[in-house]
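# Commentary on secondary and tertiary structure
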Amino acid sequence: MGLGRRLENLVSPTPPDIDIANSVVPLPIGIIAQDLGLRSDDIHFYGPYKAKVLLSARERLKDVQDGYYVVVGGITPTPLGEGKSTTTVGLCQAIGAFLGRKVVTALRQPSQGPTFGIKGGAAGGGYSQVIPMDEFNLHMTGDIHAITAANNLTAAAIDARIFHEATQSDKALLNRLCPADKEGNRKFAPVMLKRLKKLGITKTNPAELTPEETKAFVRLDFDKDQITWKRVVDVNDRFLRKITIGQGPEEKGMTRETGYDIAVASEIMAVLALTTSLADMRERLGNMVLGTSKAGDAITADDLGVGGALAVLMKDAINPTLMQTLEGTPVLVHAGPFANIAHGNSSIVADQIALKAVGPGGFVVTEAGFGADIGLEKFMNIKCRYSGLKPHCAVIVATIRALKMHGGGPDVSPGKPLDHAYKAENVELVKAGCSNLIRHIQNTKAYNVNVVVAVNVFVTDTEAEIAVVRQAALEAGAYDAVACTHHSHGGKGAVELAIAVKKACEEQSGDLRFLYPLDLSVREKIEAIAKSYGAAGIELSPDAEQQIETLTKQGFGGLPICIAKTQYSFSHTPSSKGAPTGFILPIREIKASVGAGFIYPIVGTMSTMPGLPTRPAYYDIDIDIQTGKVVGLS
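Structural notes, computed from the coordinates.

Rules behind the numbers
Residues numbered from 1 in each chain as written. Predicted model: local features only at pLDDT ≥ 70, side-chain atom pairs only at ≥ 80, totals over all residues. Heavy atoms only, no water. Helix = DSSP H or I, 4+ residues; strand = E, 2+ residues; numbered from the N terminus. Rg over C-alpha atoms; globule rule 2.2 N^0.38 Å. Buried < 20%, exposed > 50% of the residue type's maximum accessible area, 1.4 Å probe, protein only. Contact = heavy atoms within 4.5 Å. Areas by Shrake-Rupley, 256 points an atom, 1.4 Å probe, with all protein chains shown as cover. Lys, Arg positive; Asp, Glu negative; His and termini not counted. Charge placed at Lys NZ, Arg CZ, Asp CG, Glu CD. Core = buried A, V, L, I, M, F, W, Y, C linked by side-chain atoms within 4.5 Å. Pairing = 2+ DSSP bridges. Right-handed = clockwise from strand over helix to strand, strands pointing away. Axes fitted to C-alpha atoms, helices over the stretch in contact; angles between N-to-C directions. Parallel < 35°, antiparallel > 145°, perpendicular 65-115°, else oblique. Left-handed = near helix turned anticlockwise from the far one by under 90°. Nonpolar A, V, L, I, M, F, W, Y, C, P; charged D, E, K, R; others polar. Expected span 1.5 Å × (residues − 1). Arc of directions from axis to C-beta. Disulfide = S-S within 2.5 Å.

### A few points about the overall build of the chain
- When its secondary structure is counted, the chain shows 23 helices and 24 strands.
- In terms of overall size, the chain behaves like a compact globule, its C-alpha atoms giving a radius of gyration of 25 Å where 634 residues would be expected to give roughly 26 Å.
- Each of the three principal axes of the chain carries a C-alpha extent, and together these read 80 × 55 × 50 Å.
- Counting over 634 residues, the chain shows a buried share of 56%.
- For the chain, long-range pairs separated by at least 24 residues make up 75% of all intrachain contacts whose partners lie at least 6 apart in sequence.
- Carbon and sulfur atoms make up 52% of the accessible area of the chain, which totals about 25400 Å².
- Charge-centre separation for the chain: the mean point of 65 positive side chains lies 2 Å from the mean point of 66 negative side chains.

Right, dumping it as structure tokens:
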């Protein structure tokens, strides 16, 4: 059984990511699948280097004992990122190619918005990458396109229904919703039975409905000001944030203000990430709340009759995509929910398949988006609640650069040269910034999970600075703290981290402790999370108070909480670095992703449609017309 291949002839200084990715010929994906114990009927090929792993593989392997489960989070990052994905990949390369253990990396699919915008790709970096890097960062197997299509079908259905309800009588609506067959008989579509049950109507023949029942059935009666569903596109297009639709003459003056989100902010993406089966996905899609009626009732996708069609559009997207690292270890790429608005983790089904595939003694390493206060907290309290899985170890990635920033260093901004403070040794600045790392360690240990700190080393870091971080981490209760050079050396540079993670997993015991029980009130659950940030309490706006009341009345108060806030601070203020305490967390509004299964309080102003910078990444992206290879992607 192959467990990866060690990289040879590493170049120093490290070449650009795309050059490294193009220098390594990927193994045929069939070999990767075979090494993982997958059979030909477990996968569907998408070219030579990608394949969909079918959910039937999980069923076939259901009696196999799970492997070890590792989640990778990070300290509060700088805008440049601290190499969390790179560390995740490097750790897996070390486990597979150097420790000889079965391993799967579980990553989110990147959005094309950031790829062509300011951030670039998300395949890792240096000698710790997923390949083919260009395919990973671009269309891959089309999952985001499927989400876009499903989302926008829903949006079109909402506005069409509003139009038809405004221009037809109850009887005409019923006749068109339930058209007569050749014998003149009418019947309800299967999806309509769910709405009838919701209305308390037990009749199965449309002709038997009373006028009152007909009206209740055919009129969703959307309150236009309470429609929460937006259209999406997988591009950073700031000019779509607010638009007016319905301006054509055929729409008879039925204009409405709405807007676009980026595709990965769609609730359908969050549903994909949290679903556990095709049946579960169908149920969650149908339960998505699209808006509120004028009477204050929640209107779902199944009320609109579109839930089944959404499931059809998503039937292939539910299967994770198998790829590989530079060192030939397997990667499952699946889902990419917006890490602010949603929970910022890859899918449950990918993790479940991977844990069965690696088996006892193997490892599945999954990444949680942004800092541990956002992605890792949501991993524990949302993803693990729905999956029933418990991590054996949590890795927290830190950099000297970010710790210096949290210790009072100058601002770090993309596109601007780093200040001298980040290039010269400054032990005191690092020591001061460790307050941020310490709180992340303490918060993570509260879930009853062993914590290993991975110091992602840059060439400007010194032994004295790394030693300070290690000492602070161990004193805060970390199981271990290890310096890593996987960006420059691939898996070889993360062997010590892999050994520490292996030991931490083998010594982990006890149940996962959630931050809050679901039966607390919405306010109490928000307060529990806010206090983990260091807040003294929360302040709800009048709108948020009313929204909590409405959501609770509609029966959604028992859902977990997914706070939408800045990733650049524990607090709501991006400039507040380190480990602030005593602040009041302001909650501007409360929304719900009912189909996905969480409530998301919004702190401050959170944009769900990024904009392009003056100098986007697409300036550097092109194609070599001689070889057909992508160049300039990072």
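### A short note on unusual backbone geometry
- With an omega of -5°, the peptide bond running from Ser-12 to Pro-13 counts as cis.
- Along the chain, Pro-13 falls in the segment before α1 (17-23).
- Here the bond from Ile-131 into Pro-132 is cis, since omega is -5°, no more than 30 degrees from zero.
- The topology assignment puts Pro-132 in the loop between β6 (128-131) and α6 (133-137).
- One non-glycine residue, Met-140, lies in the positive phi region at around 50°.
- Here Met-140 shows up in the loop between α6 and α7 (143-167).

### Topic: the environment of Thr-202
- Looking at where Thr-202 falls in the secondary structure, it is placed in the loop between α9 (190-198) and α10 (211-218).
- With 395 residues separating them in the primary sequence, Thr-202 and Gly-597 have C-alpha atoms 28 Å apart.

### Description of the nonpolar core
- By size, the foremost hydrophobic cluster in this structure holds 87 residues, and its most contacted members are Phe-222, Leu-285, Met-314, Leu-322 and Phe-598.
- The dominant element in this core, judged by the number of residues it contributes, is helix α15 (residues 348-358), at eight residues.
- Membership of the second largest hydrophobic core comes to 26 residues, among which are Ala-298, Phe-570, Val-594 and Ile-599.

### Side note on the pairing of strand β17 (residues 450-456)
- Within β17, seven of the seven residues are buried, leaving the element largely enclosed by the surrounding structure.
- The two faces of β17 match: Asn-450, Val-452, Ala-454 and Asn-456 on one face and Val-451, Val-453 and Val-455 on the other face are all buried.
- Summarising the sheet, strand β16 (residues 393-398) and β17 pair through six bridges and their orientation is parallel. Bridging from a neighbouring strand, Ile-396 pairs with Val-453 of β17.
- Bridge count for β17 against strand β18 (residues 480-484) is five bridges, and the pairing is parallel. Bridge pairing links Val-455 to Ala-483 in β18.
- Crossover β17 to β18 through helix α19 (residues 463-475) is right-handed.

### Some words on the packing of helix α18 (residues 427-445) against α19
- Viewed as axis vectors pointing N to C, α18 and α19 meet at an angle of 30°, and their least axial separation amounts to 9 Å. Regarding the angle of α18 to α19, the classification is roughly parallel. When the axes of α18 and α19 are compared, the crossing they make is right-handed. Here Val-427, Val-430, Lys-431, Cys-434, Leu-437, Ile-438 and Ile-441 of α18 lie close against α19, whose contacting residues are Ala-464, Glu-465, Val-468, Val-469, Ala-472 and Ala-473.
- Looking at the contact of α18 with α19, its residues break down into eleven nonpolar, no polar and two charged.

### With respect to helix α23 (residues 542-553)
- Helix length check: α23, at twelve residues, gives a terminal C-alpha distance of 17 Å against a target of 16 Å (1.5 Å per residue), a fit within 8%.
- Burial in α23 covers these residues: Ala-544, Ile-548 and Leu-551. Down the axis of α23, the buried side of the element spans an arc of 70°, and every buried residue falls inside it. Exposed and facing more than 90 degrees away from the buried side of α23 are Pro-542, Asp-543, Glu-549 and Lys-553.

### Topic: the pairing of β6
- The side-chain alternation of β6 yields two buried faces, one formed by Ser-128 and Val-130 and the other by Gln-129 and Ile-131.
- The sheet contact formed by strand β5 (residues 124-125) and β6 spans two bridges and is antiparallel. Among the inter-strand pairings, Gly-125 is bridged to a residue of β6, identified as Ser-128.
- Direction of pairing for β6 relative to strand β13 (residues 321-325): antiparallel, over a ladder of two bridges. Bridged to Val-130 within β13 is Thr-325.

### Digging into the state of the cysteines
- Per the counting criterion, the structure on display carries zero disulfides.
- Of all cysteine sulfurs in the structure, the one in Cys-393 sits closest to Cys-384, which takes part in no disulfide; the separation is 13 Å.
- For Cys-384, a relative accessible area of 3% corresponds to the buried category.
- There is no disulfide at Cys-434, and the cysteine sulfur nearest it, in Cys-484, is 15 Å away.

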